[in-house]
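# Results of the structural survey
Below are the chains, spelled out letter by letter.
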Amino acid sequence: MSAARTIAVAATRTSFTAPPSTFVRTRPFLQAFSLSRPLQLQSNHTFSSHGTLFSPTFTLRHSRGMCQLAQAITGDVDDLLKGVVDKNVVEEVKHILEMARRISSRRDVAHTDFLTPPVLKDSMIALEKLADVKTVAQGGYPQAERCRISVGHPEALTSDPDVVAALSITGNFGFQPCSHGDFLGAILGTGIAREKLGDIILQGEKGAQILVVPELVDYLISSLDKVGNVSVSCAKIPLLALEYEPPRTNSFKAIEASLRVDALASAGFKISRSKLVNLISNGDLRVNWNTVTKNGTTLKTGDIVSVSGKGRLKIGEINRTKKGKFAVELFLYL
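Here we summarise the structure given alongside this text. If you're wondering where the values come from, they're calculated on a predicted model, not measured in any experiment. (Residues numbered from 1 in each chain as written. Predicted model: local features only at pLDDT ≥ 70, side-chain atom pairs only at ≥ 80, totals over all residues. Heavy atoms only, no water.)

### Some words on the pattern of salt bridges
Counted only if it meets this: Only one rule defines a salt bridge in this text: a Lys or Arg side-chain nitrogen within 4 Å of an Asp or Glu carboxyl oxygen. A helix here means a DSSP run of H or I that spans at least four residues, while a strand means a run of E at least two residues long, and both kinds are numbered starting from the N terminus. For every residue, the accessible area obtained with a 1.4 Å probe (protein chains only) is divided by the maximum for its type, and the residue is called buried under 20%, exposed over 50%, and partly exposed between those limits.
Scanning the entire structure with this criterion turns up seven salt bridges. Arg273 serves as the salt-bridge partner of Asp262, at 3.7 Å between the closest nitrogen and oxygen. In this pair, Asp262 is assigned in helix α9 (residues 261-269) and Arg273 in helix α10 (residues 273-281), connecting sequence segments 11 residues apart. By relative accessible area, Asp262 is classed as buried at 2%. Salt bridges sharing partners connect three or more residues here, namely Arg260, Asp262 and Arg273.

Structure representation (structure tokens):
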């Protein structure tokens, strides 16, 4: 095993990293926080956006001492996790709270890997309840879905950590266009773990730009040489060079007898109910980034439905018709 691959494999097994090593928050959820100026939510809660680097920050409550913070995490975990219903999300949030507990005994800073939007949202809510903790979430650009959280004492976390790096993947994609899945598969095929990779920004014939943990930049540059059947080259680029735009959607309304995922997704993606049921059975449908296995799962306003190879759908306003059916506004991401 080469030295570069050894370093990469070791990195994929690391859940959290902390200084002083060199190791150092998607779309619908994060759009709510893509601000052009600081927004004062409460007297002690502030979101801020710095240039293209999205960094919502919380300076949480008044000082009560780090020992009390450790006691709060160990003794009131259930209180901190109130409102988190997904079991998988609960476990990940617990790990992040444990990370905060570890650094509570010293004025230090630690960082998560890239998190999915549900884990990101619930983690920030839970961390918000802790005293003497500052959190910074970064995904590399304002509309980023997958982001990393940095947690530390306010005196230690004085600026946005350098925890997200960008790479440009170029090749001749004019005659062989590649999808998000093609790029994702090629990157993961080099041996790195999914949580070490942030968003993938497609650029059509030019290729794609990706966000990764900084410690894997050199490894990917040397290891990623093909996406699909297209030979590629990788180069590190500054975050300011990222080329992104707000997501475009096509909105329309559907009238359905229920709010079941198989009914609304069938209407939204314009595929038959039977085919959609097969996709659910194969694990190809997700609601809010979590795999759904039951056709009867009920959807609500704000839910994001994604189907492998079909794209992504957002559930908008829901109203009742005079006949008792549901008039649902659907937004299909283009």
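### Description of helix α6 (residues 117-127)
Extensive coverage of α6 is indicated by the burial of nine of its 11 residues. Those residues of α6 not exposed but buried are Pro117, Pro118, Val119, Leu120, Asp122, Ser123, Met124, Ala126 and Leu127.

### Some points on the environment of Ala327
Using the following cut-off: In this analysis, two residues are considered to be in contact whenever any of their non-hydrogen atoms come within 4.5 Å of each other.
Inspection of the secondary structure puts Ala327 in strand β19 (residues 326-333). The spatial distance from the C-alpha of Ala327 to the C-alpha of Lys253 is 6.6 Å, given a sequence separation of 74 residues. The residues contacting Ala327, other than those within four sequence positions of it, are Ala254, Ile255, Glu317, Ile318, Asn319 and Thr321.

### Details of the side chain of Ser266
Rule in force here: Polar contacts, as used here, are pairs of N or O atoms within 3.5 Å; protein pairs need one atom able to donate a hydrogen and one able to accept it. Residues neighboring in sequence count only if both atoms are side-chain atoms.
Inspection of the secondary structure puts Ser266 in helix α9. The exposure class assigned to Ser266 is buried, which follows from its relative accessible area of 13%. Within polar-contact distance, the side chain of Ser266 engages the backbone oxygen of Ile271 at 2.5 Å. Once you skip the residues sitting within four places of it in the chain, Ser266 turns out to touch Val261, Ile271, Ser272, Arg273 and Leu276.

### Observations concerning the environment of Leu313
Its location among the elements puts Leu313 in strand β18 (residues 311-320). Given the relative accessible area of 0%, Leu313 is considered buried. The spatial distance from the C-alpha of Leu313 to the C-alpha of Val287 is 9.5 Å, given a sequence separation of 26 residues. Apart from residues lying up to four places away in sequence, Leu313 is in contact with Leu264, Ala265, Gly268, Phe269, Asp303, Ile304, Val305, Leu330, Phe331, Leu332 and Tyr333.

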